[in-house]
Structure formats: C-alpha cells, structure tokens
Amino acid sequence: MRILALLPLALLANPAAAQDRPDPARLKATVEKLVSFGTRHTLSDPDHPTRGIGAARRWFGGELAKIGTACGGCIETSEVARAFKGPRAPNGVRIVDVLGIQRGSEPNRVVIVMGHIDSRVTDVMNATADAPGANDDASGVALVLEAARILSKHKFKATIVYAALSGEEQGLYGGQLLAETAKERGWTVSAVLNNDIVGNTIGQDGRRVADRVRVFSEGARDSETLAEAKSRRADGGEDDGPSRALAKAIRGVAAADAKGLKVLMVRRPDRFGRGGDHSPFLALGYPAVRFSVGVENYDAQHQDLRTESGKVYGDTVDRMDFPYLAKVTALNIATLRRLASAPAAPTPVVIGGALATDTSVKWPAVPGAAKYRVYWRAADADAWSRHVDVPGSQTETALKGVIVDDSFVGVSAIAADGAESLVSFGGRAAPR
C-alpha cells in the first residue's frame, strides 16, 4: 500500500513512466476529432473527404500508421472488408474494420482491444443527420488509439490487435467480420476486450458513478453444444467459462490498482436484452467481454440532437468525463499488458478424485510457461482462495486433502517475469 501511495511521486521522477499513463486531454482530442466528421453512420457516404464513416475510418487508420512509424514499424495497419445485407442495411453495405496489428513473439496468438466507429441518431436508418456518437462509441475508439500509443513502446509474447469496427448499430456486422477473420486466419484468441460507451459518469437520473466500470461476461457458453453444456453443468463450471475467467482476471487487475476503478462484474453477456460487438466472438467460442460505464444516460444514446421541454438530448462531448475514460483505458492497458506478456492458458485441465480424499490435476504443457499455478476454492465461493505453484516441467499434481466433491480447481500458466494467463477451469476428461 505504501508503494502505491508513492506512485505519483515516482511518475514525476520518471517521465517515461508518466508517458505510459493514458492522457485525458489526448482522449478528448480524439473524441472531438471523431465527432467532427458529422455522422459516422454505417450507411453514410464512404468516399466523402471530410464527412461520414469513410473519412473517420481513414483518419483512424492514419493515426494508427503514425503510431506504427513512431515505433519503427511495430504496428501494421490494414483493413478487412465484406458486404453485408440485413434489416438495417436492406440494400447492402460494405463493412470495413480498421486494424492495427502489433506482432508478438507468438504471432498467431492474439489479444484484441476494440470499439465501434459508427454512430447513429434516433432513426437507425438516418444516415445524413449529425450523429456525434461521442460516448457511443468514439470513447471506445479513443481508448483503442491510446492503448496503441502506449503499448507500442513495448514488446509482448502475444500479438495485440487494435480495432475500430463498423456496422455495430446496423447489426453487429463489424464484430462478426472480425470474429470470422480471426477464425479464417487461424488465430488463437486469448482475449477480446470490447469497449462500448466507456466515457460518462452522470446517469439518466442524475446520479454520478465515477468509481467503477461494468464488465459483462457470459456464463453458459454461446458456442457450446448440448453435450458440452451438460458436461459443464455436471462439473459445476457455469461460473468459470473462458469469458467469465477473463472478467475475473480483469477484476483482479483492477483490485491491484488502488487509484483505479473497481469492476462490477456483471454475470450477463451484455446489458439486459441488449448486445454488442463481442457477441459474434462468443458465438465462435472466443473469450470476450464488454466494458461499459457504471451508469448510462439514455438521453445521450441514439438520440437526435434537440431540446424538448428543457431537456437536452444527444451524444455530445460535453456529457463525457475524460479523467474517467482515462481510468477505463488504464484498466484495459493493464489487462492487455498482462495477457499479452503471459503464455497461453493451459487447456483442457482434467481433474479426478471421485471416492477419494485427494484431487488429481492434469493439463497439457504450454510453450513459454516457467511454472503453473494450480488454484482451488470451496464449491460455494466464486473467487480462487488457495493455490500451489508447480514447475514448468511438470503437467500434473495431486492436491492432498482437497476433496473434489467440495472444491473447484483451475490452472494458469505463468511466464518467467510473472505474467499470468487466464485460469482454465478443471473438469472431467472429454469422452473418447
């Protein structure tokens, strides 16, 4: 605690450390620039030089390219695109995701941080009216750009993908495109951090929530077969799928920062009855979560710019809290830094011990693991409470006196520098 208390003085004495902190002023400048394109509606003119989604995407790509140049080419900027057609794009639309790829020493294993660049007003089909989309979701795109600026100064095991997605408001098209791209390219996806509406602290009823961010994660996996779901139910793993493990890891990262935000870990894939660009990743079995503010203001979401009976509507920059956005950005960066530095999570973890007083644990070897951490907790708890470390040359152990009926078990892989993967939940061996 004393070290944390002295952190600001250390930053003043170390300008390089200060440069690794998200800058509220720079985040605000990015949001203001995105708002300046008038509308970023997915169906707006993609070719106009200064207005619409095409201009916004080109600007974002240009900013990523500048960051890549500054780090000696460590970030490759590219686009993935495909035509989509649906109820909110009846005539079809070309969806373009802009990507910055920072390759790690394990280039095919990736962690993804993303936000959606498109915006809308009340009528989801109105592609011409001004749609500032300051919080929804220029905030998420600004976060992605700031993460790239800071993390580009470092090298990692995993590849980091920085993404600005299109088409979220028209049908989660950009998320679908990137998730399918990950599958087509054979990426091993360790984590997806979707940031959507992450920059306000005043809610619909005037309450201020500035001390926490919500992290949404699925329990029952969208991608599971019926047989897999039954197996997970029998093992008691409803609260420990990969996405929930990711949310718990984020909660742990947040708890280590005394000056940062708390995490409200919401045990739903998204807000009640709603969805986001992480949903297509869940459908393909990738661990993915959504970050969103602690309290929402619905007068500033999907609204025409207007004032009615003294009430102001619209998603504008003045409603945002940029020091708060900087804290959400810092939490994303700390999570990315941990997971991109760590080995992959060991999976599957197989446990045994029926009719015994000890629990056996086995897992496959993970490249780059200096050791493994075997966790366990009482079956009525949600957080790991005890652990034992096992050398990297070892892929099994026995937990003496731990009764499997009363305990849950998981295993993570840890690098030589201490960076830790997600925890993989232990269950029975898959039937052959």
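Structure shown above.
Residues numbered from 1 in each chain as written. Predicted model: local features only at pLDDT ≥ 70, side-chain atom pairs only at ≥ 80, totals over all residues. Heavy atoms only, no water.

Asker: Teacher, can you tell me more about the state of the cysteines here?
Answerer: Here is the idea: a disulfide is a covalent bond, and it sits between the sulfur atoms of two cysteines. In this structure the tally under the stated criterion is one disulfide. The disulfide partner of Cys71 is Cys74, and the S-S distance across this bridge is 2.0 Å. Given an S-S torsion of about -95°, the disulfide between Cys71 and Cys74 has left-handed geometry. Its relative accessible area of 21% is what places Cys74 among the partly exposed residues. (Disulfide = S-S within 2.5 Å. Buried < 20%, exposed > 50% of the residue type's maximum accessible area, 1.4 Å probe, protein only.)

Asker: Help me understand empty space enclosed by the protein, please; the structure alone is not making it clear to me.
Answerer: If you roll a probe as big as a water molecule over the atoms, it shows you where there is empty space left. Counted under the stated rule, the structure contains one cavity of 30 Å³ or more. Reported here for the largest cavity is a volume of approximately 50 Å³. Forming the walls of the largest cavity are Arg120, Val121, Ala131, Pro132, Gly133, Asp136, Glu169, His302, Gln303 and Asp315. Split into classes, the residues belonging to the lining of the largest cavity amount to three nonpolar, three polar and four charged. (1 Å grid on protein atoms, 1.4 Å probe; cavity = no way out; pocket = protein on both sides within 12 Å on 5 of 7 lines; lining within 4 Å. Points joined across faces, edges and corners; volume = space filled by probe spheres on them. Nonpolar A, V, L, I, M, F, W, Y, C, P; charged D, E, K, R; others polar.)

Asker: Looking at this structure, I do not really get the sheet that holds strand β11 (residues 349-352). What am I missing?
Answerer: With respect to topology, seven strands assemble into an open sheet ordered β14-β13-β16-β17-β11-β12-β15, the strand pairing being mixed. Pairing within the sheet leaves two strands with one partner each, and these edge strands are β14 (386-391) and β15 (396-399). On average, each strand axis in the sheet is inclined to that of its neighbour by 25°, with strand direction left out of account. Sheet topology places β11 next to strand β17 (residues 424-427); two bridges connect them, and they run parallel. If you follow Val349 over to β17, its bridge partner there is Gly426. (Pairing = 2+ DSSP bridges. Helix = DSSP H or I, 4+ residues; strand = E, 2+ residues; numbered from the N terminus. Axes fitted to C-alpha atoms, helices over the stretch in contact; angles between N-to-C directions.)

Asker: Please explain the sheet that holds strand β5 (residues 188-195) as it appears in this structure.
Answerer: If you walk across this open sheet you meet the eight strands as β1-β2-β4-β3-β5-β8-β6-β7, and the pairing is mixed. Lying at the two open borders of the sheet, with one neighbouring strand each, are β1 (75-86) and β7 (262-266). Each strand of the sheet is rotated relative to its neighbour by a mean of 25°, with strand direction disregarded. Summarising the sheet, strand β6 (residues 212-216) and strand β8 (residues 288-293) pair through four bridges and their orientation is antiparallel. Across the sheet, the residue bridging to Val215 is Phe291, located in β8.

Asker: When you look at the environment of Gly353 in this model, what are you seeing that I'm missing?
Answerer: Its location among the elements puts Gly353 in the loop between β11 and β12 (359-362). Here Gly353 falls in the buried class, since its relative accessible area comes to 18%. It is 9.0 Å that separates the C-alpha atoms of Gly353 and Val402, two residues lying 49 residues apart in sequence. With residues up to four places along the chain from it excluded, the contact list for Gly353 reads Asp358 and Val404. (Contact = heavy atoms within 4.5 Å.)

Asker: Help me understand the nonpolar core, please; the structure alone is not making it clear to me.
Answerer: Phe60, Tyr162, Ile250 and Phe291 are the most contacted members of the largest nonpolar core, which has 63 residues in total. When residues in this core are grouped by element, the largest group, eleven residues, is from helix α6 (residues 134-151). Among residues more than four places away in sequence, those in contact with Phe291 are Leu193, Asn194, Asn195, Asp196, Val198, Val213, Arg214, Val215, Ile250, Val328, Leu331 and Asn332. Ranked by size, the runner-up nonpolar core spans 25 residues in total, among them Ala163, Tyr173, Leu177 and Val192. (Core = buried A, V, L, I, M, F, W, Y, C linked by side-chain atoms within 4.5 Å.)

Asker: Hey, could you run me through the packing of aromatic side chains in this one?
Answerer: Note on aromatic pairs: each is described by the distance of the centres and the angle between the planes. Applying the stated criterion across every chain yields a total of five aromatic pairs. Aromatic pair Phe408 and Phe425: ring centres 5.5 Å apart, planes at 65°, arrangement edge-to-face. Residue Phe408 is located in strand β16 (residues 407-414), and its partner Phe425 is located in strand β17; the two are separated by 17 residues in the primary sequence. As far as the burial class goes, Phe408 and Phe425 line up, both buried. Above the face of the Trp384 ring, Arg377 is positioned so that its terminal group lies 4.4 Å from the ring centre. (Phe/Tyr/Trp six-rings, centres within 6.5 Å; stacked < 30°, edge-to-face > 60°. Lys NZ or Arg CZ within 6 Å of the ring centre and 35° of its normal.)

Asker: For this particular structure, what's the right way to read the packing of helix α5 (residues 53-70) against α6?
Answerer: What describes two packed helices is the angle between their axes and the distance between those same axes. The N-to-C vectors of α5 and α6 enclose an angle of 15°; their axes lie 9 Å apart at closest approach. Taken together, the axes of α5 and α6 lie roughly parallel to each other. The crossing of α5 and α6 is right-handed. Packed against α5, whose contacting residues are Trp59, Phe60, Glu63, Leu64 and Ile67, the element α6 presents Val141, Val144, Leu145, Ala148 and Arg149 at the interface. Split by residue class, the contact of α5 with α6 holds eight nonpolar, no polar and two charged. (Parallel < 35°, antiparallel > 145°, perpendicular 65-115°, else oblique. Left-handed = near helix turned anticlockwise from the far one by under 90°.)

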